[in-house]
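Chain by chain, the residues:
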Amino acid sequence: MGHSFRTLVLCAALAAASLPHAVVRAQGAAEAAATCTNDDTLPPEQMLGICGLVIGSTAALPDRVHALIVRAGLQLRLEQVDLAVADGDLAVQLDPLSAAALGARGKALAAGKKFDRALDDFDRAIRLRPNEAQLFASRAATFASMHENRLAVRDYTEAVRLDPNRVQSLVERAAAYAKVKRFDLVIDDQSDIIRLEPTAEHYDARGQSYARNNAYGRAIADFDAAIRLEPKASYFVNRGNSFSLSGAYDRAITDYTTALQLQPELAMAYNNRGVAWRDKGDPARALADFDAAVQIDSTLDIALRHRKQLEKYRVAARKPAIGLHPSADASTR
């Protein structure tokens, strides 16, 4: 990608000495059209300029429409929503029957919370290309933003049917299933995701779902897999939570301690270790951990509540023991 851009500059410089200006401009536009793709190789600001060269040139109509679509996507990445909508408008004006142009404008409109217009664009695009999984996924994301989660599930399901290996659609459908409280289906989708992409992140996500369903053994197995792939502090915390909730306090404390070795400023790890110490019957160590959590994050309400509940122990521990000397009367009885 970077090589193509350098080629564009070099070609333009060499041609300028021997070719008419219009020919040089046409060659530059053709090279730019080949380079204008929604790719992360070049910085988005640089790619905006390359795509702009195509849009302002006499390049073929499909190349200009494509450049507008790509530039709209780049502008969304830069949170320039109004500019993305404007590029989507122009792309649709140039080619009203382009499902890609309608989809690009729909995404920009949805980002600007103009949901009705976005849905209209996705509807039109889907009528033009009813087998395009991305269009259903984009419309589903719009429904999800509108909190229409059942409609989101419907469209994600169609996206998955059209492209069963599309991991992002499965991830987003799992999130929509969670919102409609179909946790069994969440785990089914997460299992398919792991089959396609067995990453630490995906094992951790399914582990959390198992834990929410009180299936701590399965949760721990998934956190084990996540930690083997990537020993991340949050994964140790999540496994520690499952150990703690299943009564394995020593193993929970070990995991929280490991998490704090990896990330010493993790207030929640101190809080959760404090809970494990408390439930194990060691209020002094529990209080020390709640204190540490609050010292790191003074707004951590859960740690503040736990510390308040144990304050009576701290007060009691500070009181001197008082022994009563037996009275003479009592000793003679």
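Residues numbered from 1 in each chain as written. Predicted model: local features only at pLDDT ≥ 70, side-chain atom pairs only at ≥ 80, totals over all residues. Heavy atoms only, no water.

Undergrad: Is there a simple way to think about the overall build of the chain in this case?
TA: Regarding its fold elements, the chain presents 19 helices and 0 strands. A total of 333 residues make up the chain; the buried ones form 42% of that total. The long-range fraction of contacts in the chain, counting pairs at least 24 apart against all pairs at least 6 apart in sequence, stands at 43%. Of the roughly 18,200 Å² that the chain leaves accessible, carbon and sulfur atoms contribute 53%. (Helix = DSSP H or I, 4+ residues; strand = E, 2+ residues; numbered from the N terminus. Buried < 20%, exposed > 50% of the residue type's maximum accessible area, 1.4 Å probe, protein only. Contact = heavy atoms within 4.5 Å. Areas by Shrake-Rupley, 256 points an atom, 1.4 Å probe, with all protein chains shown as cover.)

Undergrad: I tried to follow the state of the cysteines on my own but got confused; where do I start?
TA: Throughout this description, disulfide means a covalent bond between two cysteine sulfur atoms. In this structure the tally under the stated criterion is 1 disulfide. Linked covalently through their sulfurs, Cys-36 and Cys-51 form a disulfide whose S-S length is 2.0 Å. Around the S-S axis, the bridge from Cys-36 to Cys-51 shows a dihedral of about 100° and counts as right-handed. One end of the pair, Cys-36, is in the loop between helix H2 (21-35) and helix H3 (44-55); the other, Cys-51, is in helix H3, and 15 residues separate them in sequence. Assessed through its relative accessible area of 1%, Cys-36 is described here as buried. (Disulfide = S-S within 2.5 Å.)

Undergrad: Just checking my understanding: could you explain the nonpolar core for this structure?
TA: One broad trend across soluble globular proteins is that nonpolar side chains are buried collectively. Cys-36, Cys-51 and Val-54 are the most contacted members of the largest nonpolar core, which has 40 residues in total. The greatest single-element share of this core, amounting to 7 residues, is contributed by helix H8 (residues 133-145). Ile-194, Ala-226, Leu-260 and Leu-287 belong to the second-largest nonpolar core, a separate cluster that totals 33 residues. (Core = buried A, V, L, I, M, F, W, Y, C linked by side-chain atoms within 4.5 Å.)

Undergrad: So what exactly am I meant to see when it comes to helix H15 (residues 249-262) here?
TA: Helical periodicity: at 3.6 residues per turn, an α-helix aligns residues three or four positions apart in one direction. For H15, spanning 14 residues, the distance from its first C-alpha to its last is 20 Å, which sits close to the expected 20 Å at 1.5 Å a residue. Of all the residues in H15, the buried ones are Ala-252, Ile-253, Asp-255, Tyr-256, Ala-259 and Leu-260. For H15, the buried positions fall inside an angular range of 165° around the axis, keeping them on one side. In H15, those exposed residues whose orientation departs by more than 90 degrees from the buried face are Arg-251 and Gln-261. The inward-facing, buried residues of H15 contact helix H14 (233-245) and helix H16 (267-280). (Expected span 1.5 Å × (residues − 1). Arc of directions from axis to C-beta.)

Undergrad: Looking at this structure, I do not really get the packing of H3 against helix H4 (residues 61-77). What am I missing?
TA: Packed helix pairs are characterised by how far apart their axes lie and by the angle those axes make with each other. Here H3 crosses H4 at 155°, and the two axes come no closer than 9 Å. Taken together, the axes of H3 and H4 lie roughly antiparallel to each other. H4 is crossed by H3, and the crossing has left-handed handedness. Here H3 contributes Pro-44, Met-47, Leu-48, Cys-51, Gly-52, Val-54 and Ile-55 to the contact with H4, which in turn contributes Asp-63, Arg-64, Ala-67, Leu-68, Val-70, Arg-71, Leu-74, Gln-75 and Arg-77. (Axes fitted to C-alpha atoms, helices over the stretch in contact; angles between N-to-C directions. Parallel < 35°, antiparallel > 145°, perpendicular 65-115°, else oblique. Left-handed = near helix turned anticlockwise from the far one by under 90°.)

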